[in-house]
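Structural description and commentary
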Amino acid sequence: MAILVPGGAGYIGSHTVYELIEAGRDVVVIDNLQTGYRDSVHPMAKFYQADIRDEDALDNIFRNESIEAVIHFAASIQVAESMSDPLKYYDNNLYGTMVLLRSMLKNGVNTIVFSSSAATYGETGEVPIKEDSPANPESCYGETKLAMERLMHWCAGAYGLKYAALRYFNACGAHPSGAIGESHVPETHLIPLILQVANGQRPHISIYGDDYETPDGTCIRDYIHVTDLAQAHILAVDYLLGGGKNDVFNLGNGVGFSVKEVIDCARKVTGHEIPEVIAPRRPGDPARLVASSDKAVRTLNWKPKYDDLEMIISTAWNWHRSNPNGFAR
């Protein structure tokens, strides 16, 4: 029996595929390669180039492959873009998930682990954020992720769907082997943008707002290594297949670092100056997002290994230094 990974050519999806393969699991990947890369898919995974909104393509995969569960990563993820083009996000994220669930259930597959986001919370004012904290998204991206969770909730009651929604915070880092890493076009994530400065690909790193109510005025985030995220998805699949109940889990390290602190750490790791420039705030950016992951640790027996910011940035730098242009299309 295999695990189907929609979005398995993307950043977190590809790392999860690597961890599944290394654990001896059979993996089938579906990705439209709109933002993912064929070269990032593990060579031992079976690959289909298709869109999750193509129900015929999904039905074909479920008919021809022996799928026991789905780990779902296929979604648009840029906060700023979601504010300027909300229709794209409802179409790709919510409608795409609806089509995926319909095809799953039609073909007798009822177990799914879903890549959700801390963006579902918005600005809670709570540190750390727990799973029962109020969910008030401040971006269309966060709103679609929350809607995807609610869709699964109602499908569970109506059709017996088994699901786990993993709300993770700032994914970062790269595979320890250096085989794969983070490659987005355009790049919007803080650590790879900082490392592009160290690589000589941009003149400075922009800090979007230094007047937040935080110790140094810049946004605080909880950074979690992509391999630790991948392991959590695998643990959640096994939890559901073993009879675990439908649930929502935060994934983070429980420690927040400001933008300026991340830049300073990158300077230490890379040995580069990394100039910084203050820019206006971006819409939809909360001041603080820090996770309580006690529930995932307790219920899934999840134990992050890469919980040190310097270690996280070092794995990312290892990838970006060797692959300054990411994956070629």
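Scroll up to find the structure this text is about.
Description of the structure in this document. (Residues numbered from 1 in each chain as written. Predicted model: local features only at pLDDT ≥ 70, side-chain atom pairs only at ≥ 80, totals over all residues. Heavy atoms only, no water.)

Section: the packing of helix 6 (residues 190–198) against helix 10 (residues 309–322)
Inclusion rule: In this analysis, axes come from line fits to C-alpha atoms, helices being fitted only over the stretch in contact, and the angle between any two N-to-C directions falls in the range 0 to 180 degrees. Each helix is a run of H or I in the DSSP string that is no shorter than four residues. Each strand is a run of E no shorter than two, and both are numbered from the N terminus. Throughout this description, any angle smaller than 35 degrees is read as roughly parallel, any larger than 145 degrees as roughly antiparallel, any in the 65 to 115 degree range as roughly perpendicular, and the remainder as oblique. Throughout, a crossing is termed right-handed when the near helix is turned clockwise from the far one, and left-handed when it is turned anticlockwise from it by less than a right angle. By definition in these notes, contact holds between two residues if any of their heavy atoms fall within 4.5 Å. In this classification, the charged set is Asp, Glu, Lys and Arg, the nonpolar set is Ala, Val, Leu, Ile, Met, Phe, Trp, Tyr, Cys and Pro, and all remaining amino acids, among them Gly, are polar.
With their axes 10 Å apart at the nearest point, helix 6 and helix 10 run at an angle of 55° to one another. One element, helix 6, and the other, helix 10, form an angle in the oblique class. As helix 6 packs across helix 10, the resulting crossing turns out to be right-handed. Seen from helix 6, the contacting residues are Ile191, Pro192, Leu195 and Ala198; seen from helix 10, they are Ile313, Ala316, Trp317 and His320. Grouping the constituent residues of the contact of helix 6 with helix 10 by class yields 7 nonpolar, 1 polar and no charged.

As for the sheet that holds strand 2 (residues 26–31)
Threshold: Criterion used throughout: strands pair if DSSP finds at least two bridges between them.
Ordered by their spatial adjacency, 7 strands build an open sheet running 3-2-1-4-5-6-10, and the pairing between neighbours is parallel. At either margin of the open sheet sits one strand with a lone partner, and together these are strand 3 (46–49) and strand 10 (247–251). With direction set aside, neighbouring strand axes in the sheet form an average angle of 20°. With 5 bridges joining them, strand 1 (residues 2–6) and strand 2 adopt parallel strand pairing. Note that in strand 2 the partner of Pro6 across the bridge is Ile30. With respect to the sheet, helix 2 (residues 55–64) is in contact with strand 1, strand 2, strand 3 and strand 4 (67–72), its orientation differing from that of strand 2 by roughly 170°.

Concerning helix 4 (residues 86–106)
Let me state the cut-off plainly: To estimate the expected span of a helix, count its residues, drop one, and scale the result by 1.5 Å. Here the bend at a residue means the angle between the axes of two seven-residue stretches, the one that ends at it and the one that starts at it. Exposure classes here rest on a 1.4 Å probe applied to the protein chains alone. A residue is buried below 20% of its type maximum, exposed above 50%, and partly exposed in between.
Relative to the 30 Å expected for 21 residues at 1.5 Å per residue, helix 4 spans 29 Å between its end C-alpha atoms, a close match to the ideal helical length. Along helix 4, the sharpest change in direction is near 25° and occurs at Tyr95. Here helix 4 has its buried residues at Tyr89, Asn92, Asn93, Gly96, Thr97, Val99, Leu100, Leu101, Ser103 and Met104. Those residues of helix 4 hidden inside the fold are in contact with strand 1, helix 2, strand 4, helix 3 (79–84), strand 5 (111–117) and helix 5 (140–159).

Considerations on the pattern of salt bridges
Rule in force here: Salt bridges are identified by distance alone: a Lys or Arg side-chain nitrogen within 4 Å of an Asp or Glu carboxyl oxygen.
Here the structure, examined in full by the defined rule, presents 15 salt bridges. Here Glu310 makes a salt bridge to Lys268, at a shortest N to O gap of 3.1 Å. Of this pair, Glu310 sits in helix 10 while Lys268 sits in helix 8 (residues 259–270), and the two are 42 residues apart along the sequence. Residue Glu310 is classed as partly exposed on the basis of its relative accessible area, which comes to 31%. Taken together, the shared-partner salt bridges in this structure form one network comprising Glu55, Asp59, Arg102 and Lys106.

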